[in-house]
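# Observations on chain architecture
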Protein chains: 2
Amino acid sequence: MNLHHQEADLGIPNVTATLADWVVNLQGADIPPEVRREGLRTFVNWVGCAVGGADHEAADHALKAFAPFSGPKVSTVLGREDMLDPAHAALVNGITSHVLDYDDTHLKTILHPAGPVASALLALAETRPVSGADFLTALVAGVEVECRIANSVSPEHYDRGWHITGTAGVFGGAAAVGRMIGLNAQQMRWALGLAASQSSGLREMFGTMTKSFHPGIAARNGLMSALLAEAGFDSSERAIEAPRGFAQVMSDKQDWGEIIDGLGTRWESATNSYKPFACGIVIHPAIDGCIQLRDELGEDKVAQIASVKLRTHPLVLELTGRKSPKTELEGKFSVYHCASVALLRGDGAPTAFTDEIVNDPQVVALRGLIEAETNPDCHEASVDIEVTLRDGSTHTKHVERAIGSAEVPLTDAQLNTKFTDQAELVVGTTVTQRLRDIAWSLESLSDVGEVARASVRGKG
Amino acid sequence: MNLHHQEADLGIPNVTATLADWVVNLQGADIPPEVRREGLRTFVNWVGCAVGGADHEAADHALKAFAPFSGPKVSTVLGREDMLDPAHAALVNGITSHVLDYDDTHLKTILHPAGPVASALLALAETRPVSGADFLTALVAGVEVECRIANSVSPEHYDRGWHITGTAGVFGGAAAVGRMIGLNAQQMRWALGLAASQSSGLREMFGTMTKSFHPGIAARNGLMSALLAEAGFDSSERAIEAPRGFAQVMSDKQDWGEIIDGLGTRWESATNSYKPFACGIVIHPAIDGCIQLRDELGEDKVAQIASVKLRTHPLVLELTGRKSPKTELEGKFSVYHCASVALLRGDGAPTAFTDEIVNDPQVVALRGLIEAETNPDCHEASVDIEVTLRDGSTHTKHVERAIGSAEVPLTDAQLNTKFTDQAELVVGTTVTQRLRDIAWSLESLSDVGEVARASVRGKG
């Protein structure tokens, strides 16, 4: 028997209550226009990713297991004919929006904010109609909550092995839905408590479908945390900060100020970024540089490459040093594959990571000519590339900050291209264009469910 | 960005694969009769507890939130008219079986084994019929898995703040259901991987409804882990032992031998125990001793008590030192209330913890006459009690090992009394007696769903 007493927790601020009060009282007008604009970009990017991943086999398998247990099918699986109850739709949309590793990133914590939040909100909005303006307020609140909680335990929490998109994301889903349905302050604390007790997701799952399961369950569990609290199911009111609460159990670091300081003035949600390439963010500088080199050299000279040398941040090789990938997922963990495909095809989209492309003889051949070495002085968003052609000439590229980094955010036009390129493959041109336009018009919609319905080919 | 490399994991045995293989290959005949018998007692006790807790408000609130999202209602909420899909029924039955703090206990880890396992199995068995013999084999497998995994990380894991019934329980649910539906070895590893990534539940929730939510979600999530694996949703195949897996992320201790040594010869599931009183196990010696004293003194002398002195294990006061409880839940965390009610009414059942009894003037008055002091040399299952009457006479009681401890297990007759006393309050005498008989006849049933159906008043 191992019951031990609770440690003293004098001096810890009431983090959960403060955060809950802020979310409950947040009004749309409290959010500066540029923050709302970034929230809108977060939403549009999420819609494109959810549709882009809709035909992934992970979604097929999840639907096979969950659909028989679905309640009344009122919510849309984005980009598919399938309908599910709101909880299951939240789960599957959370999976598809992440499964291509193409979603958004809160760079400070590498949390992917939209999946756990937008998936929960939109699925419920199909049965409890809400205006686009209110939806966006709830989305910003949810992203703010999850990113702040993530900040408070980073990087120790992630380093310990937690997939922060799952573990912190569930708070975002709970807070967002709680705001959307109008929980009171006590209910919001309970919702955060119920979220804390469902916080889960291990990094060991990276490279398997279970990685994308994490934002899915964060969305569903966050949604249900809010609905349980609404129904009177009680919980701790200090689940984040208590001695046996989230932050102290799941991290060796707790910075309470990251959660409660500057609420309403410092906006973490405004720092969200959007992946230009469908893989882990550490390889993005290499892909960016290789695409630029390809554009400068032209296809003919790319065909003459004798060797490629990459000098990268050390994490690149630690995380993505796989020399001979065989599958889509392994390709995403190979900087060699990524550089090869970027040079040969100028591609870093999901099309660069199909099993077929990963095993393409030309891609494999060039991959074998690529060497990588680490440079501890290299910034994580930088890379140096040196290409030597068969004629002995060398061509170099220094990327100071890769596209998609904090310094070089994707433009709206680039977001649109990303949206279109991936969604068209799944639902075709007509649905994609209409859906994209409706998603951008979020704040003028009287019923957000319109976005979900517009994502489906048959209804487009 | 905080991506770090995986630590070396040389020398760690393939714990997940070994355990999965064992479960997949386990046959009913491999389980010794006395182990099966303890599995049957585990099942019977769980049925009684689930029915006993069926009318708790936690169940009402959970149903209010979840029922609108239920799929086809083929599975029974034990002891209620409500039906739900198997996943939701598993969840609610997991809640009700734990909500009175009256269920079973694996004393070595204080995990409550039946909730996460039996709730998942029985709910699914109503839609995928299975014989009682096969059901019992799956139940023993699931309990074995969760208790072994719990052992491997105890006590550090619980000390860190994890509610082990949730965190280890989910593996039990996954393994049990996986065995019942015949997963192959790879699917079973995936199921354990999906379970690992849903492992959650914080001790901060003790004293709230969210505590009993933990076995509920462990049951539902374990069930769905098995069904997802069956549907082809893949996961890590070494989720327990990997550097970023369950044991290394969620505990500072890992003892792999506790998981894989003596599989099939050492049976943790046979060490399960059943609570004689509806509260935390640390108070049980005090209740046991007070009931014995009451029996010896008689009611008249109890009414003459001037003071009571308890000498207990230090944990008793650390965990249950609440002097002035006001509610059911607070009463369970007050050794003073427990002792008072045991002396006055001879009661430690759920009836001893209603809000009414906790505030009963007589109970409150005697509570004020009780002092407790700790004795570091006192065994956790022992207590010394000294009662002084108004005439100055003293009466003492030494409990060497309390009822329900490893040394003094509940007899079948005591299990029956416990079952009857709590179930009758919810479903009446007729249903209770029939249900109890059917539960004991588990191994002869051709369709286990019969137990679930027999639990409901309308069908009894």
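Quantities reported herein were computed from a predicted structural model and do not represent experimental measurements.

For helix α18 (residues 335-345) of chain A, the tally of buried residues reaches 10 of 11 residues, placing the bulk of the element in the interior. Downstream of α18 of chain A by one or two residues, G346 of chain A has phi in the positive range, about 65 degrees.

Next up on the list: the domain arrangement of chain A. All names here are of chain A. When its domains are assigned, chain A resolves into domain 1 (15-276 + 438-459) and domain 2 (281-399). Taking only C-alpha atoms, the centre of domain 1 and the centre of domain 2 are 33 Å apart. Counting residues at the interface gives nine residues for domain 1 and seven residues for domain 2. A breakdown of the residues in the side of domain 1 that touches domain 2 according to their chemical character gives four nonpolar, three polar and two charged.

The next point concerns the sheet that holds strand β6 (residues 370-374) of chain B. One key point about sheets: their strands pair by backbone hydrogen bonds, in either a parallel or an antiparallel sense. Residue and element names in this part refer to chain B. In spatial order, the strands read β6-β5-β7-β8; together these four strands make up an open sheet with mixed pairing. Sheet topology places β6 and β8 (394-399) at the edges, where each strand pairs with a single neighbour. On average, each strand axis in the sheet is inclined to that of its neighbour by 15 degrees, with strand direction left out of account. On the sheet, helix α14 (residues 284-297) packs against β5 (305-312), β7 (383-389) and β8 and is oriented at approximately 135 degrees with respect to β8.

To continue, consider the confidence of the model for chain A. All names here are of chain A. Mean pLDDT over chain A stands at 95; residues scoring 70 or higher make up 97%. Taken element by element, the predicted model of chain A shows its lowest mean pLDDT in helix α17 (residues 328-332) (89) and its highest in helix α9 (residues 169-181) (99). Contacts of residues 1-8 to residues separated by more than four positions or lying in other chains number 18 contacts, the stretch itself having pLDDT below 50. With pTM at 0.95, the complex prediction returns an ipTM value of 0.94.

This part is about the pairing of strand β5 (residues 305-312) of chain A. Residues and elements named next belong to chain A. As judged from the six bridges shared by β5 and strand β7 (residues 383-389), these two strands associate in the antiparallel manner. Paired with R311 across the strands is D384, a residue of β7. In this structure, β5 lies alongside strand β6 (residues 370-374), joined through five bridges in parallel fashion. Bridge assignment links V308 to a residue of β6, and that residue is I370.

Take chain B, turn it by 180 degrees, move it 0.0 Å along the axis, and it overlays chain A with an RMSD of 0.0 Å. Both copies are brought into coincidence by an operation consistent with a two-fold rotation axis. Identified as the residue of chain B closest to the rotation axis by C-alpha distance is G71 of chain B, at 1.9 Å. A symmetric contact is evident, with 100% of the interface residues of chain B recurring at the interface of chain A.

Let us now look at the nonpolar core. Core analysis: the biggest nonpolar cluster contains 312 residues, and L121 of chain A together with L121 of chain B have the highest contact counts within it. Residues within four places of L121 of chain A in sequence aside, it is in contact with F135, A138, L139, A176, V177 and M180 of chain A.

Turning to the sheet that holds β6 of chain A, a few remarks are in order. All names here are of chain A. The four strands lie next to each other as β6-β5-β7-β8, forming an open sheet whose pairing is mixed. Strand pairing shows two members of the sheet lacking a second neighbour, β6 and β8 (394-399), which therefore form its edges. Adjacent strand axes in the sheet meet at a mean angle of 15 degrees when their direction is disregarded. Taken together, the six bridges between β7 and β8 define a ladder with antiparallel strand orientation. Considered in β8, the bridge of V387 is made with H395.

So, on to the packing of helix α9 (residues 169-181) of chain B against helix α10 (residues 185-196) of chain B. Residue and element names in this part refer to chain B. Contact pair α9 / α10: the axes reach a minimum separation of 9 Å and the direction vectors enclose 155 degrees. Taken together, the axes of α9 and α10 are roughly antiparallel relative to one another. Along this stretch, α9 crosses α10, giving a crossing that reads as right-handed. Contact residues: V170, F171, A174, A175 and G178 in α9; Q187, M188, A191, L192, L194 and A195 in α10. Broken down by class, the residue content of the contact of α9 with α10 amounts to nine nonpolar, two polar and no charged.

What counts and how
Starting afresh in each chain, residues are numbered from 1 along the sequence in its written order. The order in which chains are written sets their letters, starting at A; the order in which ligands are written sets their numbers, starting at 1. Predicted model: local features are reported for residues with pLDDT of at least 70 only, side-chain atom pairs are reported and counted for 80 or more only, and whole-chain, interface and lining totals are derived from all residues. Any residue surrounded by 20 or more other C-beta atoms within 10 Å of its C-beta is treated as buried, while 12 or fewer makes it exposed and the intermediate range makes it partly exposed; C-beta atoms here are placed from the backbone. Strands are runs of DSSP state E lasting at least two residues, helices are runs of H or I lasting at least four, and both sets are numbered from the N terminus onward. Domain borders in the structure are assigned automatically or taken from a domain database. Placing C-beta atoms from the backbone, we regard two residues as in contact once those atoms come within 7 Å. Each residue is assigned to one class: nonpolar for Ala, Val, Leu, Ile, Met, Phe, Trp, Tyr, Cys and Pro, charged for Asp, Glu, Lys and Arg, and polar for all the others, Gly among them. Following DSSP output, two strands are said to pair if at least two bridges run between them. Interaxial angles span 0 to 180 degrees and are taken between N-to-C directions of axes, which are lines fitted to C-alpha atoms, for helices over the stretch in contact. For every residue, the pLDDT score states the predictor's confidence, bounded by 0 at the bottom and 100 at the top. Here the copies are superposed with least squares, the fitted atoms being C-alpha atoms of residues at a pLDDT of at least 70 in both. The term nonpolar core refers to a set of buried Ala, Val, Leu, Ile, Met, Phe, Trp, Tyr and Cys residues connected through C-beta atoms within 7 Å. Here the word oblique covers every angle except those under 35 degrees (roughly parallel), over 145 (roughly antiparallel) and from 65 to 115 (roughly perpendicular). Take the far helix as your reference; a near helix turned counterclockwise from it by less than a right angle gives a left-handed crossing, and one turned clockwise gives a right-handed crossing.

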